[in-house]
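Residue-level structural notes
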Amino acid sequence: MAMAAARAAAAAGGPSSLSRFRGALVAAVLGDCVGGEFEGAEEVPMESVLQHLSNLDDETKGNGILEYSDDTAMARCVVQSLLTRAGFDEQDMARRFAKEYSMSPGRGYGSGVIQVLKKLSSPHLSDVYQPAKDQFNGRGSFGNGGAMRAAPFALAFPDPADVKRCARQGAMLTHSCSLGYNGAVLQALAVHLSLQGAIDKPQQFMSRLITEMEVVEGNEETRNDARILKEAEKPFCERLHRVRDLMDRSKVSIEEVISELGNGIAALHSVPTAIFCVLHCLQPRECLPANYGGLERTIAYSLALGGDTDTIACMAGAIAGAHYGIEAVPQSWIRCCEGAEDADMNAGRLQMLYRRSLQGGVGSGTGERRCEDPAESRSSAANGFERKARAE
Ligand code: R7I
Ligand code: MG
């Protein structure tokens, strides 16, 4: 068992290898595409999941292309914006979200976020963060829509401080409740650490996530939102402790996972769940085929939880893909999923951006901010051009 895990990790290459970038971006798309089949289902028998996945191998049974949903549609906007602007530019990203929605509104967007996307398309909008702030009587959305598109931030910036700041602000374009945007920060951090090979030591990986989130959630905004929503003082930290408890148990049922962590559309009820799916599937499991590798196990297990299957599988896919690398992704799955090949090409481009930062190129801290505070960033269109010019 340990040998197989070591072999899988070795195949992914060293920290921040191209294989890990490709695995993360591609497996996120696969999770979204294959997860659509069970979205919203209360109970999903594992046999149905395995049947669905085995159809992908059989070209005669395959249903052709499985379409991606809003998860991938928005993640593609994030990727394109980061690449085009060579960094985070909230005006550009907001414009891309709005345009993508207007061109393809039937991708299964959350019912609330649609109002934000419509407002973001207005040419008269002066503050791109305002529409999100107006949601839900001014409290903002706690949905997982910010988290589902957070992985590319981890693939664009090597510095965890940038990953956290940009994932937060990228999420705040649609999700201004701390229980929404902190979910995006957690998801991006999980992908960031996975990219470094941190999941080789699962307990330490969890400790690092908890330590980071203690700081992320240690502020008045989080405390207020948590109080209003009757959650623990640091909601994501509390859930991560639950993940750790479940990891330590020799047996855990799907019902227990759902009741402890959730499987719903709130970021709090889905990001820690996705992290658990990855960690639980590091080893072979009785309920899953012995010939499945870790990435296949992770996706299959995520679907068997039911609920918001496409988004949980998308987030788990990104974290697992960064751990196992592209070699772990079945070719037949890539063939069947809309947008998977595109994601594969963009992964290489993101790695170039990431490396330029490491080498002191783009946004290397030479007085230029890679990711600004919303209050300071009103005039960021000019900054965006500056960033691009320096990158070239
Ligand atoms: O978060 P979001 O972009 O989408 C979440 C999920 C993802 O799985 C997508 O793939 C899609 O299927 O839906 O969309 P939002 O509309 O911001 O939030 C999703 C839902 O969460 C809303 O439609 C509400 O039902 C609920 N919600 C809230 N309900 C009450 N009060 C989010 N925030 C609140 C709130 O503050
Ligand atoms: Mg979804």
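In the annotation of an unreviewed UniProt entry, the chain is listed under the name ADP-ribosylhydrolase ARH3 and assigned to Liparis tanakae. UniProt's Catalytic activity (unreviewed entry) comment on the chain is quoted here verbatim: "alpha-NAD(+) + H2O = ADP-D-ribose + nicotinamide + H(+)".

Details of the overall build of the chain
Each helix and strand in the chain was counted, giving 21 helices and 0 strands. The 392 residues of the chain split such that 53% are buried. Considering only intrachain contacts with a sequence separation of at least 6, the fraction spanning at least 24 residues in the chain is 76%.

Considerations on the nonpolar core
If you look at the biggest cluster of nonpolar residues, it comprises 120 residues, and the most contacted ones within it are A24, L30, A151, A188 and I319. In terms of residues, this core owes the most to one element, helix 11 (residues 178–195), which gives 11 residues. The residues touching A188, leaving out its near neighbours within four places in the chain, are A150, A151, F153, A154, V163 and A167.

Description of the packing of helix 4 (residues 70–85) against helix 5 (residues 90–103)
The contact between helix 4 and helix 5 brings their axes to 9 Å, and the two run at 145°. At the point where helix 4 passes helix 5, the crossing takes the right-handed sense. Of the residues in helix 5, those touching helix 4 at A73, M74, C77, V78, Q80, S81, T84 and R85 are D92, M93, R96, F97 and E100. The class makeup of the residues in the contact of helix 4 with helix 5 is 6 nonpolar, 3 polar and 4 charged.

With respect to the UniProt feature "binding site: Mg(2+)" (unreviewed entry) in the chain
Here the UniProt feature "binding site: Mg(2+)" (unreviewed entry) sits at S69, D70, D71, D308, D310 and T311. In summary, the annotated positions, though distributed over 243 residues, converge in three dimensions, the widest C-alpha pair being only 12.4 Å. Once residues lying within four places of it in the same chain are set aside, the contact partners of D308 are E39, N144, N263, G264, I265 and S270. Of note, D310 is situated in helix 18 (residues 309–324). A tally of 27 C-beta atoms within 10 Å means that D310 is categorised as buried. Once you skip the residues sitting within four places of it in the chain, D310 turns out to touch G31, D32, G35, G36, E39, S69 and D71.

So, unusual backbone geometry
The phi torsion at S16 lies on the positive side, around 55°, for a residue other than glycine. Its location among the elements puts S16 in the loop between helix 1 (2–11) and helix 2 (18–35). A count of 19 C-beta atoms within 10 Å places S16 in the partly exposed class. You will see that A86, though not glycine, has its phi angle at about 50°, which is positive. Within the secondary structure layout, A86 lies in the loop between helix 4 and helix 5.

Regarding the site of ligand 1
The immediate surroundings of ligand 1 are formed by 20 residues, with G110, G112, S141, G143 and G145 found nearest. Among the residues making up the shell around ligand 1, the classes are represented as 6 nonpolar, 10 polar and 4 charged.

A word on the confidence of the model for the chain
The predicted model of the chain has a mean per-residue pLDDT of 90, with 88% of residues at 70 or higher. Under a pLDDT of 50 for its full length, residues 373–392 has, in the predicted model, 25 contacts with residues more than four places off or in other chains.

What to know about the packing of helix 4 against helix 20 (residues 340–358)
Running from N to C, helix 4 and helix 20 point in directions that differ by 45°, and their axes come no closer than 10 Å. When the interaxial angle is binned, helix 4 and helix 20 end up oblique. The two elements helix 4 and helix 20 meet at a crossing, and its hand is left-handed. Judged by residue contacts, V79, L82 and L83 of helix 4 engage N346, R349, L350 and L353 from helix 20.

Here's the deal with the environment of R76
Its place among the elements puts R76 in helix 4. A tally of 21 C-beta atoms within 10 Å means that R76 is categorised as buried. Considering only alpha carbons, one finds R76 and V29, 47 residues apart in sequence, at a separation of 9.7 Å.

Some points on helix 3 (residues 46–57)
The terminal C-alpha atoms of helix 3, which comprises 12 residues, lie 17 Å apart, in line with the 16 Å expected from a rise of 1.5 Å per residue. For helix 3, the set of buried residues is V49, L53 and L56. Seen along its axis, helix 3 keeps its buried residues to an arc of 40°; they face one direction. Exposed side of helix 3, more than 90 degrees from the buried face: E47, Q51 and S54 are the residues found there.

Regarding helix 5
An ideal rise of 1.5 Å per residue puts 20 Å on 14 residues; helix 5 measures up with 20 Å between its terminal C-alpha atoms. Within helix 5, the full set of buried residues consists of E90, D92, M93, A94, R96, F97, A98 and Y101.

Topic: the environment of A147
Here A147 shows up in the loop between helix 8 (135–138) and helix 9 (151–156). We classify A147 as buried; it has 31 C-beta atoms within 10 Å. Among all residues touching A147, those that are not within four sequence positions of it are G183, A184, Q187, A267, V271 and M315.

The rules behind each value
- Residues numbered from 1 in each chain as written.
- Chains lettered and ligands numbered in written order.
- Predicted model: local features only at pLDDT ≥ 70, side-chain atom pairs only at ≥ 80, totals over all residues.
- UniProt positions renumbered as here; feature names shortened; annotations may be inferred.
- Helix = DSSP H or I, 4+ residues; strand = E, 2+ residues; numbered from the N terminus.
- Buried ≥ 20, exposed ≤ 12 C-beta atoms within 10 Å, placed from the backbone.
- Contact = placed C-beta atoms within 7 Å.
- Core = buried A, V, L, I, M, F, W, Y, C linked by C-beta atoms within 7 Å.
- Axes fitted to C-alpha atoms, helices over the stretch in contact; angles between N-to-C directions.
- Left-handed = near helix turned anticlockwise from the far one by under 90°.
- Nonpolar A, V, L, I, M, F, W, Y, C, P; charged D, E, K, R; others polar.
- Near = placed C-beta within 6 Å.
- pLDDT = per-residue confidence, 0-100.
- Parallel < 35°, antiparallel > 145°, perpendicular 65-115°, else oblique.
- Expected span 1.5 Å × (residues − 1).
- Arc of directions from axis to C-beta.

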